[in-house]
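Fold and geometry: a report
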There are 2 protein chains.
Amino acid sequence: MSESRRLDITPTGTEPPRGMRDVLPLEAEVRDAAARIILDTYRRHGFRRIETPAVESLRLLTRGEGGDNEKLIFKILKRGEKLDLAGVRSEDDLADLGLRFDLTVPLARYYAHNHARLPRPLKAVQIGPVWRAERPQKGRFRQFTQCDIDILGVREPVAEVELILATTEALTALGLEELTVRLNDRRLLTAIAGRCGFAPDRHGSLFVSLDKWDKLGRQGVAAELAAAGHPAAATASLTTLLGDFDPRRGLDSLRPWLGGVDDGGAFEALACILRTAGTAGCSGPRVVFDPTLVRGMGYYTGPIFEIGSAQFPSSIAGGGRYDQLIGKILGRDVPATGFSIGFERVVTLLLERPTGTLPGAERIALLFEAATPDLGPVLAAARRLRAEGFLVSLEPLGRKAGSQRAALAEHGFDGVAVFDGTELPAVRRFRGAAGAEADR
Amino acid sequence: MSESRRLDITPTGTEPPRGMRDVLPLEAEVRDAAARIILDTYRRHGFRRIETPAVESLRLLTRGEGGDNEKLIFKILKRGEKLDLAGVRSEDDLADLGLRFDLTVPLARYYAHNHARLPRPLKAVQIGPVWRAERPQKGRFRQFTQCDIDILGVREPVAEVELILATTEALTALGLEELTVRLNDRRLLTAIAGRCGFAPDRHGSLFVSLDKWDKLGRQGVAAELAAAGHPAAATASLTTLLGDFDPRRGLDSLRPWLGGVDDGGAFEALACILRTAGTAGCSGPRVVFDPTLVRGMGYYTGPIFEIGSAQFPSSIAGGGRYDQLIGKILGRDVPATGFSIGFERVVTLLLERPTGTLPGAERIALLFEAATPDLGPVLAAARRLRAEGFLVSLEPLGRKAGSQRAALAEHGFDGVAVFDGTELPAVRRFRGAAGAEADR
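Okay, so let's go over this structure. All values reported here derive from a predicted model rather than from experimental measurement.

Cut-off values and rules
- Residues numbered from 1 in each chain as written.
- Chains lettered and ligands numbered in written order.
- Predicted model: local features only at pLDDT ≥ 70, side-chain atom pairs only at ≥ 80, totals over all residues.
- Heavy atoms only, no water.
- Helix = DSSP H or I, 4+ residues; strand = E, 2+ residues; numbered from the N terminus.
- Expected span 1.5 Å × (residues − 1).
- Contact = heavy atoms within 4.5 Å.
- Salt bridge = Lys/Arg side-chain N within 4 Å of Asp/Glu carboxyl O.
- Polar contact = N/O pair within 3.5 Å; in protein donor to acceptor, adjacent residues only side chain to side chain.
- Nonpolar A, V, L, I, M, F, W, Y, C, P; charged D, E, K, R; others polar.
- Least-squares fit on C-alpha atoms with pLDDT ≥ 70 in both.
- Pairing = 2+ DSSP bridges.
- Axes fitted to C-alpha atoms, helices over the stretch in contact; angles between N-to-C directions.
- Buried < 20%, exposed > 50% of the residue type's maximum accessible area, 1.4 Å probe, protein only.

Before going further, it helps to examine helix α14 (residues 376-387) of chain B. Along its twelve residues, α14(B) runs 17 Å from first to last C-alpha, staying within 8% of the 16 Å computed at 1.5 Å per residue. Positioned one or two residues after α14(B), B:G389 has a phi angle of 105°, which is positive.

Between chain A and chain B, the contact holds 108 residues from the first and 108 residues from the second. Summed over the shared surface of chain A and chain B, the result is eight salt bridges. Among the ionic pairs, A:E29 bridges to B:R48, the shortest N-O distance being 2.7 Å. Viewed at the interface, chain B and chain A are joined by 42 residue pairs in polar contact (both at pLDDT 80 or more). Looking at the side of chain A that touches chain B element by element, the count peaks at eleven residues for helix α2 (residues 25-44) of chain A. Of the residues contributing to the side of chain A that touches chain B, the split by class is 53 nonpolar, 19 polar and 36 charged.

With that out of the way, let us pick up the relation of the copies chain A and chain B. The transform that puts chain A on chain B rotates by 180° and translates by 0.0 Å along the axis, for an RMSD of 0.0 Å. Taken together, the rotation and translation describe the operation of a two-fold axis. Relative to the rotation axis, the closest C-alpha in chain A is found at A:I76, a distance of 2.2 Å. The fraction of interface residues of chain A whose copies in chain B are also interface residues reaches 100%, indicating that both copies meet through the same surface.

What follows deals with the sheet that holds strand β5 (residues 122-131) of chain B. Residues and elements named next belong to chain B. Reading across from one edge, β1-β5-β6-β11-β10-β9-β7-β8 is the order of the eight strands in this open sheet, with mixed pairing throughout. Edge positions in the open sheet fall to β1 (48-49) and β8 (286-289), since each of these has one partner strand only. Pairing of strand β10 (residues 312-321) with strand β11 (residues 336-341), which is carried by five bridges, proceeds in the antiparallel orientation. Paired with G320 across the strands is G338, a residue of β11. The strands touched by helix α2 (residues 25-44) are β1, β5, β6 (143-152) and β11; relative to β5, the strand with the most contacts, the crossing angle is about 160°. On the sheet, helix α4 (residues 104-114) packs against β5 and β6 and is oriented at approximately 45° with respect to β6.

Let's shift gears to the environment of B:F419. Within the secondary structure, B:F419 sits in the loop between β14 (415-418) and β15 (427-430). Between the alpha carbons of B:F419 and B:L379 there is a distance of 9.9 Å; along the sequence they are 40 residues apart.

Residue and element names in this part refer to chain A. Pairing of strand β12 (residues 363-368) with strand β14 (residues 415-418), which is carried by four bridges, proceeds in the parallel orientation. Residue pairing for β14: A365 is matched across the bridge by V416. Sheet analysis places β14 next to strand β15 (residues 427-430), joined by three bridges and oriented antiparallel. Bridge pairing in β15 links V416 to R428.

Right, let's get into helix α6 (residues 186-196) of chain B. Residue and element names in this part refer to chain B. Of the residues making up α6, those classed as buried are R186, L188, L189, A191, I192, A193 and C196. For α6, the side-chain oxygen to backbone nitrogen distance between the N-cap and R187 is 2.8 Å, and the N-cap itself is D185. Directly after α6, the chain includes G197, whose backbone phi takes a positive value near 105°.

Printed below as a string of structure tokens:
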């Protein structure tokens, strides 16, 4: 094909759309392995995989449950006779479908539509792509994978305990270490805010500032609350309570302070989760009460939680109870609580490690003379090597053995076998990533 | 939540968008298991998973390689300042991105963009959703999963042999029986058409009719060719050749007939594939030459193939060599051949079978008194049962044991264990789907 032909197509470019990406084989294998570990762990804990379509109606996606994500929807052009270009007045005339921006809003619709045919309770695990038209930046993409785990139909804190144990087990199986689960409750936050003197209609604004406690610290949050016009006495009372909180004394240290305030059962729920999840076997995670934990989404109604690892600065997984979200679509409330694992963060962590830390079979190339007239014996040798447990790719022998092996090592091969007419050729494993040295 | 609130949202509906679908747990498990078997088989054969975004530029999607699928693209509305409603004259002003309609066109772009960083040859396996705005009908959806396997960079028929062996192994592992691979070559079709007297510029029309040989038979195809204005002598010559073809004599019976016509190497390639793939070990598939096989897509340039099973009327997988497609994007040709497995057909077949035919661990419910004050021992029992290999879901004991068990059985549970204070409660397996009877 001529060079001019090539130039002809250059304006199109061959790159993926802005903010989207191609996944190369080595990363794809890590993603696959991570997804399997997660799915297998939740399956052992009785969770079931479910799937919803990538596309949902804009009426569903713009109901207000998606927060700022609703501004980032990729909308889908109406088709054919439904599209009247002359009569277009607003985007509503052009689109009635969009790509999902999370897995929670679709789950609520899914449950509302299918509940009669679903197990009760429903313990669901979802893993799949979502789309957000965010300004592309390093490490943030417009299509990315979310992994959500939810229990629908269980009011008691056993649901939170199960979610925490299964999720920490999955993260541990992925090789994440020193996990800490931070725990709080939206009802407790509300009770504390009321007790400190914040008016109920200002709680939303308060919680947005409080969510930055980790980043801004006590003084920073106090300044932001003052700037937002919250009463000085309430702010002082709250920052003193939270600033003086002693994690070693934990939840119990708040009990006398709360006095007779109705916390809607938050205290008992948190106590149960801390007691049960925090002591579940020798491999149980560290679970701590953190009264500054808020979590962003408006739909949370009870216990909320986040998991961090000593290996990673930000949280790896988070979630909470949202007993009223499904009711907004189904028409009757269904108790619900869920976790979202930061799948892309987990993959980033795994990719930064030395290769070979996720378990898997060895990948080898079976090299053969391309001019071999009879492929039968080559194929038979490949079958034998597969039966021995190797992943075997047939590859023609290159002219330069050294550079061929270096290329194979670079692309994730663990070694080579050269077809020599025998049934089971010897496998030579690469030493190091260069692949130049091999031993038997 | 009040009934009026519910009515308020009824116009939105809770159903998925038209032509799209929710996947319930029992089907999701079959889909997952099928995808794993396919991926594991190809991995053993040296194939690597790759992923491309769901969204591609419309310039790529409408280059003409997608055939009729290009009319079925879901287009994505431009966003923000890029969208000028007042100046809209055509759909091009509204959209420059679309959802992919297959995995082949994105693969060509992916290879053109990333080839310098990819293994050579690239043996790729993709599995993922595609979208087509087809008129919804039974068993045909607007989002469905495709599974494509391609070898890029290998000119020799060893690539076809590998594809055929790996694909039949995957289908066999899925439980499909009595597989037959039908094989032909586009170059041979062209040579035959020329020899019979069809003008080269009419070959496209000829092949469209020939593709219906299975359905219409010799007379039907002859009638269609006559109606399309093809020369009567050419039609007679071709239908005699194909109608009299004796599959027992196979490819060789065509040799004298072809005489000195240049078939571009098709004959030798087919002979090699038939000889090698057809005799690969005792589990090798049945591979037959079928001169009436055409396959729809215009981009095929060499050997083409389809796999059928005695259990299923239409083909389960198909593909062929397309040595010129990647060049149209990259600017230089790259030899390529690939298979597409009809993933949705495979899932349909698996779902029609009695349950339990795909291998997997037993799923049980560990039933406990919801009022149990201390969940620790219940969780410990669940851990023990998981260590024994069960998938264990904690579920509160229902009031009616019989109907609870029937519901569990209906949702794919294999049995129950009732928490009795011991470390390893006995598992009672259901007999039959009703779940009412249990044994120890």
